Amino acid sequence: MSMPDHVAKNQEYWNRIAGEYQQQHAEHLGIVEPTWGVWSIPERDLQILGDVAGKDVLEFGCGAAQWSVALSRRGARMTGLDLSTEQLRHARALVEREGVSVTLVQGSAEAVPLPDASFDLVFCDHGAMTFADPHKAVPEAARLLRPGGMFIFNMATPLLYLVVDKATDLVVPALVNDYFDMKPWEDLDGATSFQLPYGEWIRLFRRSGFVVEDLVEIRPPEGAKTTYEGYVPLEWARKYPAEHVWKVRREPAR
């Protein structure tokens, strides 16, 4: 079966840049202390995932599996899913080097090659939920979760989408994009990302059998550093949320 066009483009993009990406962001992508977002906010401060010991956990777009390695050390039974052959090559090397147990699976978050009700937690820090069509990926997360399981993901906010000039990929001091008609965004490097208005996110969660438990808007501290320097200026992200973490729970079937 052929891939949708945006999936094929994103696979090619990540295969092309994986080596450079892992080298450039090596310090940011910690395997000892898991952190959220481009400003590396520690999980110990945000307390988003909670205790993962003894849980079956899927990292939804794992890259080189740094999060998966860290959570495996905390007692989770980890599976890492990624679309990119090259990212998974880095992941296999890291898992072997660190001597932890992580199952690595290649596939799209829009059509995951894993059985129903396999996990207690599906999560990502950007990862699949930035690059997959949410109308397909959110129902897939619901299918993969057991009743009561959590789907938790960090991604760019709709507000950030509104102020990025598509001709330059830079934040500008004005609302320049259409909030009510958010279309897939192909950036200057050829990667396709997705965004929805807040109301549509909530309706999509409800249609997929989720109830919203929290929305954590990430505010970097003063003087925060990042290796993702082109993402958003620090002064902007201190005033307005550039990233947020959705926490939704899979309701039991009725």
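Residues numbered from 1 in each chain as written. Predicted model: local features only at pLDDT ≥ 70, side-chain atom pairs only at ≥ 80, totals over all residues. Heavy atoms only, no water.

(A) Just the sheet that holds strand 7 (residues 145–156), in detail. Pairing is mixed in the open sheet, where 7 strands are placed in the order 5-4-3-6-7-13-12. Two strands lie at the open edges of the sheet, namely strand 5 (102–106) and strand 12 (210–218), each paired on one side alone. Within the sheet, the average angular offset between the axes of one strand and its neighbour, ignoring direction, is 15°. For strand 12 and strand 13 (residues 243–250), the ladder comprises 8 bridges, and the chain directions are antiparallel. Looking at strand 13, one finds that Val 216 is bridged to Val 245. Running over the sheet, helix 8 (residues 198–207) touches strand 7, strand 12 and strand 13 and is turned about 25° from strand 13. (Pairing = 2+ DSSP bridges. Helix = DSSP H or I, 4+ residues; strand = E, 2+ residues; numbered from the N terminus. Axes fitted to C-alpha atoms, helices over the stretch in contact; angles between N-to-C directions. Contact = heavy atoms within 4.5 Å.)

(B) Focus on the state of the cysteines. One pass over the structure, following the stated rule, counts 0 disulfides. With no disulfide of its own, Cys 62 has Cys 124 as its nearest cysteine by sulfur position, at a separation of 11 Å. (Disulfide = S-S within 2.5 Å.)

(C) Spotlight on the pairing of strand 5. Bridging between strand 4 (residues 77–82) and strand 5 involves 5 bridges; their strand directions are parallel. Residue pairing in the sheet places Thr 79 in a bridge with Thr 103 of strand 5. A crossover connection joins strand 4 to the parallel strand 5 through helix 4 (residues 85–98); in handedness this β-α-β unit is right-handed. (Right-handed = clockwise from strand over helix to strand, strands pointing away.)

(D) Layout of the nonpolar core. In this structure, Trp 36, Leu 49, Leu 71, Leu 121, Phe 123 and Ile 152 are the most contacted members of the largest nonpolar core, which totals 47 residues. Mapped onto this core, the elements with two or more residues apiece are helix 1 (5–24), helix 3 (66–73), helix 4, strand 6 (119–125), strand 7, helix 7 (158–162), strand 12 and helix 9 (234–239). In terms of nonpolar packing, the next biggest core, distinct from the first, is built from 29 residues, Val 112, Phe 119, Ala 137 and Leu 145 among them. (Core = buried A, V, L, I, M, F, W, Y, C linked by side-chain atoms within 4.5 Å. Buried < 20%, exposed > 50% of the residue type's maximum accessible area, 1.4 Å probe, protein only.)

(E) Region of the structure containing the packing of helix 6 (residues 134–144) against helix 8. The contact between helix 6 and helix 8 brings their axes to 9 Å, and the two run at 40°. Classed by the angle they form, the pair helix 6 and helix 8 counts as oblique. As helix 6 packs across helix 8, the resulting crossing turns out to be right-handed. Seen from helix 6, the contacting residues are Pro 134, His 135 and Val 138; seen from helix 8, they are Glu 200, Trp 201, Leu 204, Phe 205 and Arg 207. (Parallel < 35°, antiparallel > 145°, perpendicular 65-115°, else oblique. Left-handed = near helix turned anticlockwise from the far one by under 90°.)

(F) The arrangement of the side chain of Lys 247 in detail. Along the chain, the position of Lys 247 falls in strand 13. One buried charged side chain, Lys 247, makes no salt bridge at all; its nearest oppositely charged neighbour is Asp 214, positioned 5.2 Å away. A distance of 3.0 Å separates a polar side-chain atom of Lys 247 from the backbone oxygen of Ile 48. Those residues in contact with Lys 247, other than ones at most four positions away along the chain, are Gln 47, Ile 48, Met 150, Phe 151, Ile 152, Val 211, Val 212, Glu 213 and Asp 214. (Lys, Arg positive; Asp, Glu negative; His and termini not counted. Salt bridge = Lys/Arg side-chain N within 4 Å of Asp/Glu carboxyl O. Polar contact = N/O pair within 3.5 Å; in protein donor to acceptor, adjacent residues only side chain to side chain.)

(G) View of the UniProt feature "domain: Methyltransferase type" (unreviewed entry) in the protein chain. The sites that UniProt annotates as "domain: Methyltransferase type" (unreviewed entry) are residues 58–153. Across residues 58–153 one finds 39% helix and 31% strand; the C-alpha atoms that close the span lie 11 Å apart. (UniProt positions renumbered as here; feature names shortened; annotations may be inferred.)

(H) Representation of the pattern of salt bridges in the model. Under the criterion given, the structure shown has 18 salt bridges. Salt-bridge contacts for Glu 140 lead to Arg 143; the nearest nitrogen and oxygen are separated by 2.8 Å. With Glu 140 and Arg 143 both in helix 6, this residue pair falls 3 residues apart, about one helical turn. A relative accessible area of 24% places Arg 143 in the partly exposed class. Measuring nitrogen to oxygen at the nearest pair gives 3.5 Å for the salt bridge that ties Arg 203 to Glu 200. Remark: Glu 200 and Arg 203 occur in helix 8; sequence separation between them is 3 residues, near one turn of the helix. The class of Arg 203 is partly exposed, set by a relative accessible area of 48%. By relative accessible area, which is 18% here, Glu 200 ends up buried.

(I) Structural detail: helix 8. If you check which residues of helix 8 are buried, you get Glu 200, Trp 201, Leu 204 and Phe 205. Here the buried residues of helix 8 occupy an arc of 140° about the axis, which is enough to place them on one side. If you follow the buried residues of helix 8, they end up packed against helix 5 (128–131), helix 6, strand 7, strand 12 and strand 13. Two residues or fewer past helix 8, Gly 209 is found with a positive phi of approximately 90°. (Arc of directions from axis to C-beta.)

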